[in-house]
Amino acid sequence: MDERRKHVRFNTATIVQFKDGIFSANTDTMTKDVSLGGVCFFSEKKLKSGKTLKLRLFYDGKSPAKCINGKVTWVQECNDKISKGYLIGITFKR
């Protein structure tokens, strides 16, 4: 099956923080890939599709984090030699 995307994805491992609810603490994790339309990251906890999150993307140690709102578009279980948990697909909200 041929995947059609609006934006090109860039495989990059960068730090992302997300907050799952008003009273929850920030969770730090790593991205798998990023595009102009969204981001995919690893998570130890399963998130619900349709949930809105506040994200902070850290591109390098010098630039300030980019604060972005996003919506969980898809969730895929991930269980391999490197990581256990979930891949979370986020679409940026404008």
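Everything here concerns the structure above.
**What about the overall build of the chain?**
Argument step 1. Looking only at helices and strands, the chain has zero helices and seven strands in total.
Argument step 2. Relative to the globule expectation of 12 Å for 94 residues, the C-alpha radius of gyration of the chain, 13 Å, shows essentially globular dimensions.
Argument step 3. Viewed in the frame of its principal axes, the chain has a C-alpha envelope of about 40 × 25 × 25 Å.
Argument step 4. Out of the 94 residues in the chain, the part that is buried amounts to 34%.

**Describing the packing of aromatic side chains**
Argument step 1. Applying the stated criterion across every chain, the model contains one aromatic pair.
Argument step 2. Ring plane angle 25° and centroid distance 5.0 Å describe the contact between Phe 18 and Phe 41, whose orientation is recorded as stacked. Highlighted residues: Phe 18 in strand β2 (residues 15–19) and Phe 41 in strand β4 (residues 38–43), separated in sequence by 23 residues.
Argument step 3. By relative accessible area, which is 0% here, Phe 41 ends up buried.

**Description of the pairing of strand β7 (residues 84–92)**
Argument step 1. Judged by how many residues are buried, β7 sits mostly within the fold: seven of nine residues are covered.
Argument step 2. Relative to β7, β4 runs antiparallel, the two being bridged by six bridges. Within the sheet, the bridge partner assigned to Val 39 lies in β7 and is Ile 90.
Argument step 3. As paired elements, strand β6 (residues 66–79) and β7 share nine bridges and run antiparallel to each other. Bridge pairing in β7 links Gln 76 to Leu 87.

Calculation rules
Residues numbered from 1 in each chain as written. Predicted model: local features only at pLDDT ≥ 70, side-chain atom pairs only at ≥ 80, totals over all residues. Heavy atoms only, no water. Helix = DSSP H or I, 4+ residues; strand = E, 2+ residues; numbered from the N terminus. Rg over C-alpha atoms; globule rule 2.2 N^0.38 Å. Buried < 20%, exposed > 50% of the residue type's maximum accessible area, 1.4 Å probe, protein only. Phe/Tyr/Trp six-rings, centres within 6.5 Å; stacked < 30°, edge-to-face > 60°. Pairing = 2+ DSSP bridges.

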